[in-house]
Amino acid sequence: MNLRNRAFPWRITCLVLTCLLLAACNRVTLYNELDEQQANQVMAALLGSGVSSEKAPSSSKKGWEVRVNRGDFPYAMQVLNSQGLPHASYRSMGEIFKKEGFVSSAMDERARYMDGLQQEIARTLSRIDGVVEARVHIALPPPDPLGGRDNDSSASVIIFERPGAKLRDRETDLKVFIKDSVEGLADVNKVTIKFFTIAAPGAADQQTNAPIAMSSMGPMALVAVVLAALLGLGIAFRGKLRARLSPAAEAKPPAWSD
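Residues numbered from 1 in each chain as written. Predicted model: local features only at pLDDT ≥ 70, side-chain atom pairs only at ≥ 80, totals over all residues. Heavy atoms only, no water.

A. Highlighting the overall build of the protein chain. Within the protein chain, the regular secondary structure consists of 8 helices and 6 strands. Ordered by position in the sequence, the α and β elements of the protein chain form the string α-β-α-β-β-α-α-α-β-β-α-β-α-α. Scored against the burial criterion, the 258 residues of the protein chain give a buried share of 28%. The contacts of the protein chain with a sequence gap of at least 6 include a subset with a gap of at least 24, amounting to 67%. For the protein chain, the computed accessible surface area is about 17,100 Å², with 58% contributed by carbon and sulfur atoms. (Helix = DSSP H or I, 4+ residues; strand = E, 2+ residues; numbered from the N terminus. Buried < 20%, exposed > 50% of the residue type's maximum accessible area, 1.4 Å probe, protein only. Contact = heavy atoms within 4.5 Å. Areas by Shrake-Rupley, 256 points an atom, 1.4 Å probe, with all protein chains shown as cover.)

B. Quick look at the nonpolar core. Formed by 21 residues in total, the largest nonpolar core has its most connected members in Ile121, Leu125, Ile138, Ile159, Ile178 and Ile193. If you list the elements that add at least two residues to this core, you get helix H5 (106-126), strand S4 (131-139), strand S5 (154-161), helix H6 (171-181) and strand S6 (191-197). Broken down by element, the residue count for this core peaks at 5 residues, all from H5. Setting aside anything within four residues of it in sequence, one finds Ile159 in contact with Val131, Glu133, Leu167, Leu174, Ile193, Lys194, Phe195 and Phe196. Judged by nonpolar contacts, the second largest core, of 16 residues, contains Leu34, Val66, Leu80 and Leu85. (Core = buried A, V, L, I, M, F, W, Y, C linked by side-chain atoms within 4.5 Å.)

C. Structural view of unusual backbone geometry. Of the consecutive residues Leu85 and Pro86, the connecting peptide bond is found in the cis state with omega at -5 degrees. With respect to the element layout, Pro86 can be found in the loop between helix H3 (73-83) and helix H4 (93-96). One non-glycine residue, Lys61, lies in positive phi territory at about 70 degrees. Secondary-structure assignment places Lys61 in the loop between strand S2 (53-57) and strand S3 (64-69). Lys61 sits in the exposed class, given a relative accessible area of 75%. The backbone of Lys166 shows a phi angle near 60 degrees, a positive value even though the residue is not glycine. Accessibility expressed as a relative area gives 60% for Lys166, which makes it exposed.

D. Here's a closer look at the packing of aromatic side chains. Scanning the entire structure with this criterion turns up 1 aromatic pair. A cation over a ring is seen here: Lys55 above Trp64, with NZ or CZ 4.6 Å from the ring centre. (Phe/Tyr/Trp six-rings, centres within 6.5 Å; stacked < 30°, edge-to-face > 60°. Lys NZ or Arg CZ within 6 Å of the ring centre and 35° of its normal.)

Structural data, given as structure tokens:
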């Protein structure tokens, strides 16, 4: 009987550890194959919003992945979308024009140049405070084979901004920057910018710190916490009961047989 009583706490402890292990397996991958900077930015945004997350090497052996509890997945996506994370990976002009063959056609070179120019401008715009994401589309007219006057270039830009960023007040400055970045774009009126505000995570999803912490634990972790609490209460109650029964057992006179 004593051996069984002594084994009881160890059984409960093993059960709690098993539940915690299952809770760790309750995580799902949010993004994978991120570079370390992207993964750190995602982690910082999630942890700052009260969402439990972890970073680990990607299962594909390429970059990093970020995992969250299954129950936090919808809210985590809202947080990242509102901040434009993970940020797009822009290629530099050197990477785009990396020599991979012996001969490149003029059309290939032109397409790669436009792609690189668009990415460079988008990268710069994305560094402006309040810009979540920027998309740049440039129209460069082909050169006139007869040597005549070329048509003017043009640019169309879409900027996704954070609530309250007020980037519309700087529209003229942004247009001038884009005009000066594109060859053949001499008229600022040929630059079109459209602004869209990214919605913040819903107020209904923004709970107090305690509910967020409990929800981020996952159901199996909650079960483990409850079992741990019951284990502590059981041990305390068992200790008190043993303390009460021990004096009575000691005071009981021995039974003598004739």
